[in-house]
Amino acid sequence: QEQQPSQHTPWHLDLQKGLQYTTADSTSSLSFRFRIQNRADFETNSGKDLGLASAGGYVKRLRLRTSGHLLSKKLTYSLQLGFANGDTDDKDSDREQIIRDAVLFYQFTPALKVGFGQTKLPGNRQRVISSGEQQFVDRSIVNATFTIDRDFGLFAFYENQVGNVPLRLQAALSTGDGRNALPKEGSGAAYTGRVEILPLGEFTMDGDYFEGDWVREQSPKLAVGVTFSENKKAYRTGGQIGQSFAGFTDLRSAMADLHFKYRGWATLHEWINRRADTMIFPAENEGDPLFVYAGQGYNGQVSYQFPNHFELAGRYAVITPETQIRHLAPQTKHYTLAANYYLRWHRIKLQSDLTYQTEKDLTNLTGSRNNWILRLQMELGI
Amino acid sequence: QEQQPSQHTPWHLDLQKGLQYTTADSTSSLSFRFRIQNRADFETNSGKDLGLASAGGYVKRLRLRTSGHLLSKKLTYSLQLGFANGDTDDKDSDREQIIRDAVLFYQFTPALKVGFGQTKLPGNRQRVISSGEQQFVDRSIVNATFTIDRDFGLFAFYENQVGNVPLRLQAALSTGDGRNALPKEGSGAAYTGRVEILPLGEFTMDGDYFEGDWVREQSPKLAVGVTFSENKKAYRTGGQIGQSFAGFTDLRSAMADLHFKYRGWATLHEWINRRADTMIFPAENEGDPLFVYAGQGYNGQVSYQFPNHFELAGRYAVITPETQIRHLAPQTKHYTLAANYYLRWHRIKLQSDLTYQTEKDLTNLTGSRNNWILRLQMELGI
Amino acid sequence: QEQQPSQHTPWHLDLQKGLQYTTADSTSSLSFRFRIQNRADFETNSGKDLGLASAGGYVKRLRLRTSGHLLSKKLTYSLQLGFANGDTDDKDSDREQIIRDAVLFYQFTPALKVGFGQTKLPGNRQRVISSGEQQFVDRSIVNATFTIDRDFGLFAFYENQVGNVPLRLQAALSTGDGRNALPKEGSGAAYTGRVEILPLGEFTMDGDYFEGDWVREQSPKLAVGVTFSENKKAYRTGGQIGQSFAGFTDLRSAMADLHFKYRGWATLHEWINRRADTMIFPAENEGDPLFVYAGQGYNGQVSYQFPNHFELAGRYAVITPETQIRHLAPQTKHYTLAANYYLRWHRIKLQSDLTYQTEKDLTNLTGSRNNWILRLQMELGI
């Protein structure tokens, strides 16, 4: 918060909201943000052969955002565009999908807000925490494999207190086909519900929605979340994400998560289980069949942030496929250590992590492999 | 108009122009706008079978704009980018065409303005009215089929009074190949002229260029327009839009329109006729031949807007193909009712319309079909 | 500089930096820019047959930029997006590459700045001069053929005085594969170094980095630059740009340039030599083989700008292929005259140039050809 408004200061560079314009009558307020993540990756041939299998540098994310309220604080909006290669669904879509968020919300009562448009589903904790507010260089393999990502539809958010305990109920009715999907005949909708409970009260600065205890909570804070999502007649391997196959399958995801912070310490855990009626689909052309990665995953993280905002963190993540697809997908485990330095909260930071990855063939037909992955990242934005 | 400038107020949130910056000496002024249209569509199997043939939700439009003047009020510019799938010509182009407008204008005399760049041709009324200032969820099938859309070239606008009657002459010399077209050897140019007459004087707030009588004109207002356009050696089925075929044809379009508003009532009518030297072109690969939809269309709308800015509107639209292509294209009619609520002029509004569509095979070889289409839309922008 | 800040003026429209926001404590400053180049091209059939082989108009460039400093003047960033067709590498990439610059810099000492991200390599003079600050309608064929363009990696800039002579050393360690490249197994890195010397002192307004003597230097100014770049195991015909081939080759580029300005006169010369271990690669499908244009180029320009900012300029440019590829590429020469009018420095200008082009087959197996190219351009931006 760089500016202390004496009279009306129309513009303000806010730590969390970016460059913010407010009309003199306060009925409207517009925030503008950008951020980039520049990254270098190094992957070894194996756990023992430290020769580099690949090395690269790239712009991982370049995002432009605007959000705010118009006419009254009850009517809010959020728009986000992403321009980097990995951000545009270019591997799985025949078009560059630049639009990430385009959603309007109306606050019907102090407790109830309803939205219409495209944004994140109320899924697993690490997904709903922004990619710009992670404490590792990127989200875990559990999220990458099982997230229900973004979708277009109707969103409802209900927030209230039970005694002193904040309680949030979230629900979404959405297309189930992901960002910028065109209607496909025969595809069904997705139904998602999520409950969040904060038994020890609200986090400082909404800290349940960013990783690491940057604020060094002076009393312990806990958030618990549970999500169920059913995606009827999905045609992509991850429902909202992944390659498209011919045919449909129902997908069911169950998710639970726990986020705790106290005096610089933070720990985050999430469990996800995904089931599918049909898991394997023949490839459209010759080639490997497409499959839904049904199975379960667990991601656990613990970190300590020093008062000077240097942070150390550890992560253990594992994903395990269902029996039916074990000839197609290994069980993967990640053991990761991270060191970060926050110059301006999550907006400007240096990040690094080192991962030992094991991929185990659970059918024991082929061997397993393991290797090391080093990642360095600078994030800058407003 | 949220702000009453006492001294110099550099920034201003304008109802029509968006977030506007003006230099202290007023020689330059820059406006910034964004807008989204979030839409849900439901289409029945037929007029009698109300089962859903398709249902979907998507971001129909996400636009960023800047316009203004630099150095002096005589030198103006307009830039517009569109990021939504249907907005990037992705069906008919092998690239995402994000640029919509990129044009400079110079006001040579108070009556004469000349432009260079890419923008809308002076075509049919409903095309030159912004997609963000429509009173139905989208433009009619007449526009979709026959519009001459945008092009790159030279644009001249002459505006004067004959007695008390404003008269506008508009002309364009353009590539004829549409947005962001690359030069193609053998392709010719397009020549477009348009006349607009306002026999009852100027509309309030330039109301001939937005639909619905939001301002509730206190005296009757009428705009009449006529356009002729010739596109020499075109290689796309719609000249500036549509799929590319091998070969060329000349296209000629004649258009007339009428726009009237008084005390909340508004009515808009347009007639378009398109002719082509050659209408049918063989497909490049096996598949249906490509054809130019030559023929005629009529769209008529009438609406009433209550003082609280709730609006009801009806539309009848019909497109009829020429004899030579009747085995390839049906005659289509739309009967549509709309209900809208304007929260902040056309910038923030709720829209819905219900259409009964008939598609009649004029060759009588195959049957006809009809069905219902329901569309819901929220638009928000500045 | 439209505004004279009395107290703190947060916003300012700067001639070079665009629309600039500065926080009240001056720790952060953000600049926002856009610019468009609208162009018309006309090419004759030959030097004698002045019939038009092609004629076209298009948006050549539409760029959005932000740059500035955050937290302190030591931490700077630069982001640039390009949306026009020819700007997105769409011919040589299977995706639209919208990101041009995304780079962070930290000023470790007053003399040393280090950057991480994607931006221009310290290559030839005409490349490192912005496309928006050229005095011809576009850069020469020497740059088009031999530039090392942009890349992702580490950048170091060292700047000091030797006596009164500014000396700049620049180095880059980069992927060698160009903008937004994905890591490719087997591809090596690129190593680039550049020295710039300004024996007569700094140019006014950093005039060594824009073409034409707009400021009419009152004492003579000279910049001399030399670049060496080695791109190990490159897989594109130009290293950082061009089509991808199967296999790899090392590329070595040597570049020298000279830029002089005095009292409205300016002259710019650059010489580039490129070598490749392997020059010819078989096409992936049937078709012409791909080749690296190894060889040398020279571009020389001289211009005079009148006090009213009307400018005349002449250019001679030649590119000559190595013997091994002379059956695939001609020797090309351009003789060009330009006339420009600057309304607001390089930000708003009218440009035109007329080129006589000769393409000579050095193997003498086929004939040579020559023709005329006329280009008109308007540039506008902030």
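Since the model is a prediction, treat every value here as computed from it, not as a measurement.

When chain A is fitted onto chain C, the two copies agree to an RMSD of 0.0 Å after a turn of 120° and an axial shift of 0.0 Å. One copy is carried onto the other by what is essentially a three-fold rotation axis. Across chain A, the smallest distance between a C-alpha and the rotation axis is recorded for E96 of chain A, namely 4.3 Å. Looking at chain A, a mere 12% of its interface residues are interface residues in chain C too, so the copies touch through different faces.

A word on unusual backbone geometry. Its identity is not glycine, yet D89 of chain A carries a phi of approximately 55°, on the positive side. The residue D89 of chain A is located in the loop between β5 (75-82) and β6 (99-107) in this model. Relative accessible area serves as the criterion here: at 18%, D89 of chain A is assigned to the buried category. Phi at N180 of chain B takes a positive value of approximately 55°, unusual for a residue other than glycine. Relative to the helices and strands, N180 of chain B is located in the loop between β9 (165-174) and β10 (190-197). Given a relative accessible area of 9%, N180 of chain B falls into the buried group.

Our next topic: the relation of the copies chain B and chain C. When chain B is brought onto chain C, the operation consists of a screw motion whose angular component is 120° and whose axial shift is 0.0 Å, with 0.0 Å RMSD remaining. Of all interface residues in chain B, a mere 11% are interface residues in chain C too; the two copies therefore contact each other through different surfaces.

This brings us to the pattern of salt bridges. By the definition in use, this model includes 75 salt bridges over all chains. For E159 of chain A, the salt bridge goes to R168 of chain A, with nearest N and O atoms at 3.2 Å. Look at E159 of chain A and you get partly exposed, because its relative accessible area is 39%. With a shortest N-O distance of 3.1 Å, D90 of chain C and R95 of chain B are connected by a salt bridge. With one member in each of two chains, D90 of chain C in the loop between β5 (75-82) and β6 (99-107) and R95 of chain B in the loop between β5 (75-82) and β6 (99-107) form a pair that bridges those chains. Among the residues examined, D90 of chain C registers a relative accessible area of 17% and is labelled buried.

For the rest of this paragraph, the subject is the nonpolar core. Of all hydrophobic cores here, the largest spans 78 residues; its most connected members are F83 of chain A, F83 of chain B together with F83 of chain C. The residues contacting F83 of chain B, other than those within four sequence positions of it, are L81, F83, I98 and I99 of chain A, L62, L64, T88 and I98 of chain B together with F83 of chain C.

What follows deals with the packing of aromatic side chains. This structure, assessed with the given rule, holds 60 aromatic pairs over all chains. With centroids separated by 5.3 Å and ring planes inclined at 40°, the aromatic side chains of Y316 of chain A and Y335 of chain A adopt a geometry described as tilted. Highlighted residues: Y316 of chain A in strand β17 (residues 310-321) and Y335 of chain A in strand β18 (residues 331-344), separated in sequence by 19 residues. In this structure Y316 of chain A comes out as partly exposed when scored by relative accessible area, which is 27%. An aromatic cluster is defined as three or more aromatic residues linked by ring pairs; in this entry it consists of W11, Y21 and F32 of chain A, W11, Y21 and F32 of chain B together with W11, Y21 and F32 of chain C. Above the ring of F157 of chain A, the side-chain terminus of K113 of chain A is found at 5.4 Å from the ring centroid.

Our next topic: empty space enclosed by the protein. Counted by the stated rule, this structure contains 4 cavities of 30 Å³ or more. Taken as a whole, the largest cavity holds about 930 Å³ of empty space. F32 and L64 of chain A, F32 and L64 of chain B together with F32 of chain C are the residues nearest the centre of the largest cavity, which is lined by 42 residues in total. Grouping the constituent residues of the lining of the largest cavity by class yields 30 nonpolar, 6 polar and 6 charged. As a volume, the second largest cavity reaches approximately 70 Å³. Around the second largest cavity, the lining residues are F146, T147, I148, S229, N231, G238, G239, Q240, L251, S253 and R274 of chain A. Going through the elements one at a time, β11 (221-236) and β12 (244-262) of chain A are the ones with two or more residues in the lining of the second largest cavity. Considered class by class, the residues forming the lining of the second largest cavity number 3 nonpolar, 7 polar and 1 charged.

Moving on to the interface of chain B and chain C. Contact residues are listed per partner, giving 35 residues for chain B and 32 residues for chain C. A combined buried area of about 2900 Å² lies between chain B and chain C, and 78% of that area is made up of carbon and sulfur atoms. Across the contact surface, chain B and chain C share 4 residue pairs in polar contact (both at pLDDT 80 or more). Residue assignment for the side of chain B that touches chain C shows that the elements contributing at least two residues are β3 (29-44), β5, β6 and β7 (112-120) of chain B.

The next thing to look at is the interface of chain A and chain C. Taken together, the contacts link 32 residues of chain A with 35 residues of chain C. Of the roughly 2800 Å² buried at the junction of chain A and chain C (both faces included), carbon and sulfur atoms supply 78%. Taken together, the links from chain A to chain C amount to 1 salt bridge. Where chain A meets chain C, there are 5 residue pairs in polar contact (both at pLDDT 80 or more). Sorting the residues of the side of chain A that touches chain C by element identifies β1 (11-14), β3 (29-44), β4 (52-69), β18 and β20 (369-381) of chain A as the ones contributing at least two each. For the side of chain A that touches chain C, the leading source of residues is β4 of chain A, giving 8 residues. Here the side of chain A that touches chain C is composed, by residue class, of 20 nonpolar, 7 polar and 5 charged.

Calculation rules
Residues numbered from 1 in each chain as written. Chains lettered and ligands numbered in written order. Predicted model: local features only at pLDDT ≥ 70, side-chain atom pairs only at ≥ 80, totals over all residues. Heavy atoms only, no water. Least-squares fit on C-alpha atoms with pLDDT ≥ 70 in both. Contact = heavy atoms within 4.5 Å. Helix = DSSP H or I, 4+ residues; strand = E, 2+ residues; numbered from the N terminus. Buried < 20%, exposed > 50% of the residue type's maximum accessible area, 1.4 Å probe, protein only. Salt bridge = Lys/Arg side-chain N within 4 Å of Asp/Glu carboxyl O. Core = buried A, V, L, I, M, F, W, Y, C linked by side-chain atoms within 4.5 Å. Phe/Tyr/Trp six-rings, centres within 6.5 Å; stacked < 30°, edge-to-face > 60°. Lys NZ or Arg CZ within 6 Å of the ring centre and 35° of its normal. 1 Å grid on protein atoms, 1.4 Å probe; cavity = no way out; pocket = protein on both sides within 12 Å on 5 of 7 lines; lining within 4 Å. Points joined across faces, edges and corners; volume = space filled by probe spheres on them. Nonpolar A, V, L, I, M, F, W, Y, C, P; charged D, E, K, R; others polar. Buried area = accessible area lost by both parts, 1.4 Å probe. Polar contact = N/O pair within 3.5 Å; in protein donor to acceptor, adjacent residues only side chain to side chain.

By themselves, these figures tell us nothing about what the structure is for.
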